[in-house]
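# Observations on the three-dimensional arrangement
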Amino acid sequence: MDQIKKDEYKRFFFISALYNILAGANGMIFFNMMSKLCFRAAPIYGMTTFILRTFYTHVLVFGFGYYLVSRDPEKNRGIVWMGMLAKIAFFFAAIPYYLRKKITALTLLLAFGDFVFGILFGLFLLDTRRDLPAKSSHETPECG
(Lines give C-alpha, C1' and ligand atoms only; values in the text may rest on other atoms or scores of the structure.)
Protein backbone atom coordinates (compact mmCIF):
# COMPACT_ATOMS: atom_id res chain seq x y z
CA MET A 1 0.00 0.00 0.00
CA ASP A 2 1.49 3.35 -0.94
CA GLN A 3 1.98 5.96 1.78
CA ILE A 4 -0.76 8.32 0.52
CA LYS A 5 -3.38 5.55 0.58
CA LYS A 6 -2.14 4.36 3.97
CA ASP A 7 -2.40 7.89 5.42
CA GLU A 8 -5.97 8.23 4.09
CA TYR A 9 -6.98 4.93 5.69
CA LYS A 10 -5.29 5.94 8.95
CA ARG A 11 -7.41 9.12 9.04
CA PHE A 12 -10.56 7.19 8.14
CA PHE A 13 -10.08 4.63 10.91
CA PHE A 14 -9.23 7.39 13.38
CA ILE A 15 -12.60 9.03 12.56
CA SER A 16 -14.29 5.65 12.95
CA ALA A 17 -12.57 5.24 16.33
CA LEU A 18 -13.86 8.63 17.46
CA TYR A 19 -17.40 7.76 16.28
CA ASN A 20 -17.42 4.61 18.40
CA ILE A 21 -15.58 6.02 21.40
CA LEU A 22 -17.94 9.00 21.58
CA ALA A 23 -21.03 6.80 21.18
CA GLY A 24 -19.86 4.28 23.77
CA ALA A 25 -18.68 6.90 26.26
CA ASN A 26 -21.91 8.91 25.91
CA GLY A 27 -23.93 5.77 26.51
CA MET A 28 -21.94 4.90 29.61
CA ILE A 29 -21.67 8.40 31.10
CA PHE A 30 -25.13 9.68 30.19
CA PHE A 31 -26.84 6.29 30.47
CA ASN A 32 -30.37 7.41 31.41
CA MET A 33 -30.43 10.34 28.97
CA MET A 34 -29.16 8.17 26.08
CA SER A 35 -31.69 5.48 26.96
CA LYS A 36 -34.51 8.03 26.76
CA LEU A 37 -33.18 9.41 23.44
CA CYS A 38 -32.74 5.97 21.91
CA PHE A 39 -35.57 3.97 23.49
CA ARG A 40 -38.07 6.62 24.66
CA ALA A 41 -37.68 5.58 28.31
CA ALA A 42 -35.05 4.95 30.93
CA PRO A 43 -34.54 1.21 31.27
CA ILE A 44 -35.84 -0.71 34.23
CA TYR A 45 -32.83 -1.65 36.31
CA GLY A 46 -31.85 -5.26 36.11
CA MET A 47 -31.08 -7.35 33.06
CA THR A 48 -32.01 -4.56 30.61
CA THR A 49 -29.53 -2.11 32.09
CA PHE A 50 -26.85 -4.79 32.21
CA ILE A 51 -27.34 -5.55 28.51
CA LEU A 52 -27.34 -1.86 27.54
CA ARG A 53 -24.26 -1.07 29.62
CA THR A 54 -22.53 -4.09 28.11
CA PHE A 55 -23.50 -2.88 24.63
CA TYR A 56 -22.06 0.59 25.30
CA THR A 57 -18.90 -1.02 26.66
CA HIS A 58 -18.54 -3.11 23.50
CA VAL A 59 -19.04 -0.03 21.33
CA LEU A 60 -16.26 1.69 23.27
CA VAL A 61 -13.95 -1.34 22.97
CA PHE A 62 -14.56 -1.50 19.21
CA GLY A 63 -13.60 2.19 19.10
CA PHE A 64 -10.26 1.39 20.70
CA GLY A 65 -9.87 -1.40 18.14
CA TYR A 66 -10.43 1.04 15.29
CA TYR A 67 -7.84 3.31 16.90
CA LEU A 68 -5.37 0.40 16.66
CA VAL A 69 -6.30 0.02 13.00
CA SER A 70 -5.67 3.74 12.48
CA ARG A 71 -2.14 3.22 13.78
CA ASP A 72 -1.38 0.39 11.33
CA PRO A 73 -4.18 -0.57 8.92
CA GLU A 74 -2.18 -3.33 7.23
CA LYS A 75 -1.57 -5.29 10.43
CA ASN A 76 -5.06 -4.99 11.94
CA ARG A 77 -7.33 -6.34 9.22
CA GLY A 78 -8.94 -8.82 11.63
CA ILE A 79 -10.39 -5.95 13.65
CA VAL A 80 -11.77 -4.45 10.42
CA TRP A 81 -13.44 -7.77 9.56
CA MET A 82 -15.07 -7.93 12.99
CA GLY A 83 -16.19 -4.31 12.77
CA MET A 84 -17.62 -4.69 9.28
CA LEU A 85 -19.71 -7.70 10.27
CA ALA A 86 -20.87 -6.18 13.57
CA LYS A 87 -21.83 -2.82 12.05
CA ILE A 88 -23.82 -4.30 9.17
CA ALA A 89 -25.54 -6.80 11.48
CA PHE A 90 -26.42 -4.03 13.95
CA PHE A 91 -28.16 -2.02 11.24
CA PHE A 92 -30.25 -4.95 10.02
CA ALA A 93 -31.09 -5.94 13.61
CA ALA A 94 -32.28 -2.37 14.31
CA ILE A 95 -34.75 -2.15 11.41
CA PRO A 96 -37.51 -4.40 12.83
CA TYR A 97 -37.24 -2.70 16.22
CA TYR A 98 -37.70 0.67 14.59
CA LEU A 99 -40.69 -0.58 12.59
CA ARG A 100 -42.26 -1.85 15.85
CA LYS A 101 -41.51 1.54 17.47
CA LYS A 102 -39.22 -0.03 20.08
CA ILE A 103 -36.32 2.26 19.17
CA THR A 104 -36.28 5.88 18.06
CA ALA A 105 -35.31 7.35 14.71
CA LEU A 106 -32.07 8.52 16.37
CA THR A 107 -31.15 4.92 17.11
CA LEU A 108 -31.92 3.89 13.55
CA LEU A 109 -29.85 6.84 12.28
CA LEU A 110 -26.90 5.76 14.44
CA ALA A 111 -27.32 2.19 13.18
CA PHE A 112 -27.36 3.51 9.60
CA GLY A 113 -24.12 5.37 10.36
CA ASP A 114 -22.68 2.04 11.45
CA PHE A 115 -23.95 0.46 8.23
CA VAL A 116 -22.13 3.10 6.17
CA PHE A 117 -18.93 2.54 8.16
CA GLY A 118 -19.40 -1.23 7.69
CA ILE A 119 -19.63 -0.83 3.91
CA LEU A 120 -16.56 1.42 3.93
CA PHE A 121 -14.72 -1.16 6.04
CA GLY A 122 -15.58 -3.76 3.40
CA LEU A 123 -14.29 -1.47 0.65
CA PHE A 124 -11.04 -1.07 2.60
CA LEU A 125 -10.70 -4.85 2.83
CA LEU A 126 -11.31 -5.22 -0.90
CA ASP A 127 -9.06 -2.34 -1.87
CA THR A 128 -6.13 -3.57 0.20
CA ARG A 129 -6.43 -7.33 -0.20
CA ARG A 130 -3.61 -7.41 -2.76
CA ASP A 131 -1.35 -5.35 -0.50
CA LEU A 132 -0.96 -8.19 1.98
CA PRO A 133 2.57 -9.54 2.27
CA ALA A 134 3.13 -12.94 0.69
CA LYS A 135 2.79 -15.74 3.23
CA SER A 136 4.77 -18.92 3.33
CA SER A 137 2.88 -22.18 2.93
CA HIS A 138 3.07 -23.06 6.65
CA GLU A 139 1.33 -19.87 7.84
CA THR A 140 -2.38 -19.67 8.46
CA PRO A 141 -4.15 -17.81 5.61
CA GLU A 142 -6.01 -14.60 6.44
CA CYS A 143 -9.62 -14.03 5.43
CA GLY A 144 -9.95 -11.40 2.71
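Residues numbered from 1 in each chain as written. Predicted model: local features only at pLDDT ≥ 70, side-chain atom pairs only at ≥ 80, totals over all residues. Heavy atoms only, no water.

### A few points about the confidence of the model for the protein chain
Let me state the cut-off plainly: For every residue, the predictor states its confidence as a pLDDT score lying anywhere from 0 to 100. By definition, any uninterrupted DSSP run of H or I lasting at least four residues is a helix, any uninterrupted run of E lasting at least two residues is a strand, and each is numbered from the N terminus.
Averaged over all residues, the pLDDT of the protein chain is 90; the fraction at 70 or higher stands at 91%. By mean pLDDT, helix α2 (residues 31-39) is the weakest element of the protein chain at 89, and helix α4 (residues 77-99) is the strongest at 97.

### A closer look at the layout of surface pockets
Which entries qualify depends on this criterion: Site definitions follow a grid-based scheme: protein atoms alone, a 1 Å grid, a 1.4 Å probe that fits but cannot get out for cavities, and for pockets an open set with protein on both sides within 12 Å along at least five of seven lines, plus lining residues having an atom within 4 Å of a point. Grid points are joined across faces, edges and corners, and a volume is the space filled by probe spheres set on the points. Residues are grouped as follows: Ala, Val, Leu, Ile, Met, Phe, Trp, Tyr, Cys and Pro are nonpolar; Asp, Glu, Lys and Arg are charged; every other residue, Gly included, is polar.
Within this model, the largest pocket holds a volume of roughly 690 Å³. Looking at the largest pocket, it is lined by 26 residues, and the ones nearest its centre are Phe39, Phe55, Val59, Phe90 and Thr107. Mapped onto the lining of the largest pocket, the elements with two or more residues apiece are α1 (3-29), α2, α3 (47-71), α4 and α5 (105-128). It is α3 that provides the largest number of residues to the lining of the largest pocket, a total of nine residues. When its residues are assigned to classes, the lining of the largest pocket shows 19 nonpolar, four polar and three charged.

### Side note on the packing of α1 against α5
Note the cut-off: What counts as an axis is a line fitted to C-alpha atoms, over the stretch in contact for a helix, and the angles between N-to-C directions run from 0 to 180 degrees. Note on terminology: angles under 35 degrees are roughly parallel, angles over 145 are roughly antiparallel, angles of 65 to 115 are roughly perpendicular, and the others are oblique. Two helices that cross are described as forming a left-handed crossing if the nearer one is turned anticlockwise from the farther one by less than a right angle, and a right-handed crossing if clockwise. Any two residues whose heavy atoms approach within 4.5 Å are treated as being in contact.
Two elements in contact, α1 and α5, have axes separated by 12 Å at closest approach and are oriented at 155°. The orientation of α1 with respect to α5, classified from their angle, is roughly antiparallel. Judged by the twist between their axes, the crossing of α1 over α5 is left-handed. When α1 is examined against α5, the residues Lys5, Tyr9, Phe12, Phe13, Ile15, Ser16, Tyr19 and Asn20 are found in contact with a partner set consisting of Leu110, Gly113, Asp114, Phe117, Leu120, Phe121, Leu123, Phe124, Asp127 and Thr128. The residue inventory of the contact of α1 with α5, partitioned by class, reads eleven nonpolar, four polar and three charged.

### Some remarks on the nonpolar core
To be explicit about the condition: By nonpolar core is meant a set of buried Ala, Val, Leu, Ile, Met, Phe, Trp, Tyr and Cys residues that side-chain atoms within 4.5 Å join together. Buried, partly exposed and exposed residues are distinguished by accessible area as a fraction of the type maximum, computed with a 1.4 Å probe on protein chains only: under 20%, between the cut-offs, and over 50%, respectively.
Tyr9, Phe12, Phe13, Ala17, Tyr66, Val69, Val80, Met84, Phe117, Phe121, Phe124 and Leu125 together form the largest nonpolar core, which totals twelve residues. Counting residues per element, the ones that place at least two in this core are α1, α3, α4 and α5. With residues near it in sequence (within four places) discarded, Tyr9 still touches Met1, Pro73, Leu123, Phe124, Asp127 and Thr128. Of all hydrophobic cores here, the second largest spans six residues; its members include Phe91, Ala94, Leu108 and Phe115.

### Points about the side chain of Lys87
Cut-off, in case you're wondering: Side-chain atoms alone can form a polar contact between residues adjacent in sequence; in general such a contact is a pair of N or O atoms within 3.5 Å, and within protein one must be able to donate a hydrogen while the other accepts it.
Relative to the assigned elements, Lys87 resides in helix α4. Within the structure, the side chain of Lys87 is placed 2.9 Å from the side chain of Asp114, a separation counted as a polar contact. Here Lys87 is in contact with Ser16, Tyr19, Asn20, Tyr66, Asp114, Phe115, Phe117, Gly118 and Phe121, once residues within four sequence places are set aside.

### Some remarks on unusual backbone geometry
Of note, Lys101 is a non-glycine position whose phi angle comes to about 60°, a positive value. Taking relative accessible area as the criterion, Lys101 reaches 62% and is therefore assigned exposed.

### Focus: the pattern of salt bridges
The criterion, for reference: Salt bridge, as used here: a side-chain nitrogen of Lys or Arg that lies within 4 Å of a carboxyl oxygen of Asp or Glu.
What the rule picks out here adds up to three salt bridges. Here Glu74 makes a salt bridge to Lys6, at a shortest N to O gap of 3.1 Å. Placement of Glu74 in the loop between α3 and α4 and of Lys6 in helix α1 is noted, with a sequence separation of 68 residues between them. Note on Glu74: relative accessible area 29%, which makes it partly exposed. A relative accessible area of 16% places Lys6 in the buried class. As a salt-bridge pair, Asp114 and Lys87 come within 2.9 Å of each other at their nearest N and O atoms. In this pair, Asp114 is assigned in helix α5 and Lys87 in helix α4, connecting sequence segments 27 residues apart. With respect to class, Asp114 is no different from Lys87; both count as buried.

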